[in-house]
Amino acid sequence: MPHPARLQQVLQALTPLSSVEKGNESEASKSMRPVDIVATGRGGCVSRAPAVSTAMGSAPTDKSQLELLSAWYCPYAQRAWLALEEKSGGVEGVYTLTNAQDIAEDEITYIKSPALLAANPKGLVPTVVDRRFGKERIVHESLVCVEYIDEAVSGRSLFPGTAADRARARIWINWADKVVIPQFYRMLVRKEPSERADAAAKLLAGIRTLAAQIAGPFFLGESFSAVDIAVAPWLVCRMCILQHYRGFCVPETSEYAAFHAWAAAVAARPSITGTIPTLERLIWAYKRYADGTAKSMVADAIRSSTPIT
């Protein structure tokens, strides 16, 4: 069953502002510190520690295990986490989750664990470390991680059965990643009202294009797929960020009806409700983007008008 509080949070993000006042941080979010995900058998049963430094990345690792080096606030890392949750089917012990990157005390820069830097010299999440076959295999880049997890972990495939349908899924994943997702960050990072308005218009146009392709209840039909995983971390789980900082929400009109139905179905998925932080933590984490102080490859790309890579 989905976590009821998380489900309510996600559904609230798809409706006009109510309990979270636009543009103003709550007292809770002002004092919010990150959590460490120190060890899990599956993502929905995480152990959360209240501090940032000592516990991060220090959980004991089963050397025969599949490990996800993640960051609790990162939507790209959530893609890989969602894939693992879907493939594990709620069974504990399939993988280990390690919070290998966190936001530093200055609330701008990052702390990266030695394990992450050893596995991925760029220090980027998600990074999958697979030790199950006698030789350590390391995979990074979020969409590559999703495909690797789909192929390397037993369970229902996250891609459709025919070559043509799989190609179509990858086309829409690639399109959304390059055309739709960057508008989320443009709305947050860009300072000129005209640029934010342009990003909002392009985001809505992208949502309408996706909505026209939704088979229902999920993007490809009855099965939750890699296409849903590719876009849900932004278009479902983090719409509350745009609502809070920019007063943006998707209109409740007929042209967006398919999108809202899809978002509600996705929001109720246990893998979704089990992999998102609380609303307060998300607002705290994305303040850096909204006030222009974020130091990340994504923020730098948006500021320089270059593609997100």
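Residues numbered from 1 in each chain as written. Predicted model: local features only at pLDDT ≥ 70, side-chain atom pairs only at ≥ 80, totals over all residues. Heavy atoms only, no water.

(A) Fine view of the overall build of the protein chain. Of regular secondary structure, the protein chain possesses 13 helices and 8 strands. Burial statistics for the protein chain: of 309 residues in total, 52% are counted as buried. Taking the intrachain contacts of the protein chain between residues at least 6 apart in sequence as the baseline, contacts between residues at least 24 apart amount to 72%. With the model as given, the accessible surface of the protein chain reaches about 12900 Å², and the carbon-plus-sulfur share is 56%. (Helix = DSSP H or I, 4+ residues; strand = E, 2+ residues; numbered from the N terminus. Buried < 20%, exposed > 50% of the residue type's maximum accessible area, 1.4 Å probe, protein only. Contact = heavy atoms within 4.5 Å. Areas by Shrake-Rupley, 256 points an atom, 1.4 Å probe, with all protein chains shown as cover.)

(B) Structural context of the packing of helix 8 (residues 226–235) against helix 10 (residues 257–267). For the pair helix 8 and helix 10, interaxial distance at closest approach is 11 Å and the crossing angle is 95 degrees. The orientation of helix 8 with respect to helix 10, classified from their angle, is roughly perpendicular. Two secondary-structure elements touch here, helix 8 through Asp-228, Val-231, Ala-232 and Leu-235 and helix 10 through Phe-259, Trp-262 and Val-266. Its residues placed into classes, the contact of helix 8 with helix 10 shows 6 nonpolar, no polar and 1 charged. (Axes fitted to C-alpha atoms, helices over the stretch in contact; angles between N-to-C directions. Parallel < 35°, antiparallel > 145°, perpendicular 65-115°, else oblique. Nonpolar A, V, L, I, M, F, W, Y, C, P; charged D, E, K, R; others polar.)

(C) Structural view of the pattern of salt bridges. In total, this model carries 12 salt bridges according to the counting rule given. Note that Arg-132 and Asp-130 form a salt bridge whose closest N and O atoms lie 2.8 Å from each other. Overall, the relative accessible area of 0% leaves Asp-130 in the buried class. For the salt bridge of Lys-287 with Asp-291, the shortest nitrogen-to-oxygen distance reads 3.1 Å. Note on Asp-291: relative accessible area 34%, which makes it partly exposed. The structure contains a network of salt bridges with shared partners spanning Glu-67, Arg-131 and Glu-136. (Salt bridge = Lys/Arg side-chain N within 4 Å of Asp/Glu carboxyl O.)

(D) Seen up close, the confidence of the model for the protein chain. Per-residue pLDDT for the protein chain averages 83, and the proportion of residues at 70 or more is 79%. Every residue in residues 13–61 scores below 50 in pLDDT, and together they form 133 contacts with partners more than four places removed in sequence or on other chains. (pLDDT = per-residue confidence, 0-100.)

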